[in-house]
Amino acid sequence: MNNHEPTGEGHQTPPVAQQAKPIISIVGRPNVGKSTLYNRLTRSRDAIVDDRPGVTRDRMVGVGRIGSAPYWIVDTGGIEADNEEIHNLMKYQVDQALADSDAVIFIVDGRDGATPVDHQIAEQLRRHPHINVYLAVNKVEGLDKEMVAADFYELGLDQPHCVSGKNGDGVTRLMDLVLQQTESQRASADSEYDIPAGVPKLAIVGRPNVGKSTLVNSLVGEQRVVVYDMPGTTRDSILVPFKAAGKDYVLIDTAGMRKKSRIDDRVEHFSVMKTLRAVEMAQVVAIVLDARDGVVDQDNRLINLVFDSGRSLMILVNKWDGMSQYERDQVKAQIDRKFGHMGNIPIEFISAKFGKGIKKLMPLVDRLYDSAMTDMGTGKINRVLKAAEEKRNPPMVGNFRIKMKFAHQGGMNPPHVIIHGNQLEKLPQTYQRYLSNTFEKEFSMLGTKVRLSFKTSENPYQKAASRTKPPKNRGRRDKRDR
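Residues numbered from 1 in each chain as written. Predicted model: local features only at pLDDT ≥ 70, side-chain atom pairs only at ≥ 80, totals over all residues. Heavy atoms only, no water.

We now examine the overall build of the chain. The number of helices and strands found in the chain is 14 helices and 19 strands. When each of the 482 residues of the chain is scored for burial, the buried share is 51%. Within the chain, contacts between residues separated by at least 24 positions form 72% of all contacts whose residues are at least 6 apart in sequence. (Helix = DSSP H or I, 4+ residues; strand = E, 2+ residues; numbered from the N terminus. Buried < 20%, exposed > 50% of the residue type's maximum accessible area, 1.4 Å probe, protein only. Contact = heavy atoms within 4.5 Å.)

Structure representation (structure tokens):
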């Protein structure tokens, strides 16, 4: 239920829905510094990890934090293969980067010069002029940058950018350029279809063969005659407008996630990127599982990805028909064990093929959409915060208790509450979860997590005291002067 409450004093800027971040991939031959650059751009190790053997280290996807705006950064990883296989694997990685990214950073080793493999990758990149490619010459610390860069003009790409993933030289300048040109290109992309305001966007995601297509056809029916490319994005999702019970909706349709068992699938994270893009563009995400498989590793990873994104989430267990009661109980127990900690996420057991359980899905979508787009109102936010604090006081830090002064909404999809106070950086995770759960309960949210941010206020009295405090021994000198 949306709550429209006057904000009163301390009116804040109206919250806005979060938009999808661009996808930027790092490509290059092994051992040129891709992982070092990736770690610098993300400033953390919080990444999607694929620990499949055959790769020299984990392939990773994370949020880039250096530059003018956040973005997804994809590290294609180092390949472990013999000389006969490495060319095909490298080509496949670059193909996937070109297919799924808004921009590509091609990284080379400034100390090695342009190698034959670099020339092969550059030739492959030049065949796709619609994708912006940025040539980053790495490991140039202590070298004459102009001389090093001159060696790479022969690759036939745009101007080389000298960087050091190790110490950060030139990295911010490069990312500002990448993001500026990428956002300009995305903004200028013409769309055949503008999503009307207030129309819920639903993403249906999951592994292959769990029944996504059958479910989509059940929901959309014969109306699926016109589809549209998603505006301002790569060719990884389409928009499908449809009606249900007289209401308008937009389905974000994806190809789903690839199977891990494919031997030649060396860049599975790119299919994860397609799912992430659809998730970011949606307000409601339905994850489809196959009841006969139970919850497999890819299901578990996907549910955690959506949960961490903050999107309103429901889990649909498909192919429920024909299972014995014992098998059904086993699947239910497994889901409760793995995802019970996520709170009030609705879990529905359906059969898309036979239409069982389908009718109750769109009312659920409406409730989840209302939760994602809740306008919480500053007045009620602060009443809820005060009641939560009175019911359970924040912990002590030394001789002082952490103090929460006031709060306001910072955004929607997911609902975002910004809390101001003293020493909030020391607020334990357990208390943060308590506050988040309290907001979700008081605002009747379903399948939606409230995201919290904390801003510690300066003590004005301490600041004023430091300005007016007399110098040491000032009183003694005054006494002698008298």
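Once the structure has been displayed, the description carries forward.
When we look at burial in helix α3 (residues 116–126), the residues that qualify are Asp-118, Ile-121, Ala-122, Gln-124 and Leu-125. Taken end-on, α3 shows its buried residues confined to a sector of 160°, consistent with a single buried face. (Arc of directions from axis to C-beta.)

This next bit is on unusual backbone geometry. The step from Asn-413 to Pro-414 runs through a cis peptide bond, and the omega angle for that step is 10°. Here Pro-414 shows up in the loop between β17 (403–411) and β18 (416–422). Despite not being glycine, Gln-423 has its phi angle at roughly 60°, a positive value. In this structure, Gln-423 sits in the loop between β18 and α12 (429–442).

What follows covers the layout of surface pockets. A probe as big as a water molecule, rolled over the atoms, marks out the empty space that is left. Within this model, the second largest pocket holds a volume of roughly 500 Å³. In this structure, the second largest pocket is lined by 15 residues; those nearest its centre are Phe-307, Ser-436, Lys-449, Val-450 and Arg-451. Of all the secondary-structure elements, those providing two or more residues to the lining of the second largest pocket are α8 (297–309), α12 and β19 (451–456). The element that contributes the greatest number of residues to the lining of the second largest pocket is α12, accounting for five residues. Of the residues in the lining of the second largest pocket, the class split is four nonpolar, seven polar and four charged. (1 Å grid on protein atoms, 1.4 Å probe; cavity = no way out; pocket = protein on both sides within 12 Å on 5 of 7 lines; lining within 4 Å. Points joined across faces, edges and corners; volume = space filled by probe spheres on them. Nonpolar A, V, L, I, M, F, W, Y, C, P; charged D, E, K, R; others polar.)

Of all seven residues in strand β5 (residues 103–109), seven are buried, a share of seventy percent or more. Pairing geometry for strand β1 (residues 23–27) and β5, over four bridges, is parallel. Bridged to Ile-26 within β5 is Ile-105. Across seven bridges, the pairing between β5 and strand β6 (residues 132–138) is parallel. (Pairing = 2+ DSSP bridges.)

To continue, consider the packing of aromatic side chains. The final tally for this structure, using the stated rule, is three aromatic pairs. Here the guanidinium or amino end of Lys-332 rests over the ring plane of Phe-349, the centre of that ring lying 5.5 Å away. The ring of Phe-443 carries Lys-380 above its face, with NZ or CZ at 4.7 Å from the centroid. (Phe/Tyr/Trp six-rings, centres within 6.5 Å; stacked < 30°, edge-to-face > 60°. Lys NZ or Arg CZ within 6 Å of the ring centre and 35° of its normal.)

Here β18 pairs with β19 via six bridges, running parallel. Among the inter-strand pairings, His-416 is bridged to a residue of β19, identified as Arg-451. Handedness of the crossover is the feature at issue here: the chain leaves β18, passes through α12, returns alongside β19, and the resulting connection is right-handed. (Right-handed = clockwise from strand over helix to strand, strands pointing away.)

Here we take up the sheet that holds β17. An order of β17-β18-β19 is seen for the three strands of this open sheet, with the pairing classed as mixed. The open sheet is flanked by β17 and β19, the only strands paired with a single partner. The average angle at which neighbouring strand axes cross in this sheet is 25°, direction not considered. The pairing of β17 with β18 spans seven bridges and is antiparallel. (Axes fitted to C-alpha atoms, helices over the stretch in contact; angles between N-to-C directions.)

Take the side chain of Arg-29 next. Residue position: Arg-29 is located in the loop between β1 and α1 (34–42). Residue Arg-29 is classed as buried on the basis of its relative accessible area, which comes to 11%. Within the structure, the side chain of Arg-29 is placed 3.1 Å from the side chain of Asp-118, a separation counted as a polar contact. (Polar contact = N/O pair within 3.5 Å; in protein donor to acceptor, adjacent residues only side chain to side chain.)

In the predicted model, the chain carries a mean pLDDT of 78, and the fraction of residues at 70 or more is 75%. Looking across the chain, the model is least confident in strand β2 (residues 48–50), with a mean pLDDT of 40, and most confident in helix α11 (residues 378–391), with 96. Confidence over residues 477–482 falls short of pLDDT 50; this stretch has one contact with residues more than four positions distant or in other chains. (pLDDT = per-residue confidence, 0-100.)

A relative accessible area of 5% places Pro-414 in the buried class. Between the C-alpha atom of Pro-414 and that of Thr-374, which follows or precedes it by 40 residues, the distance is 8.9 Å.

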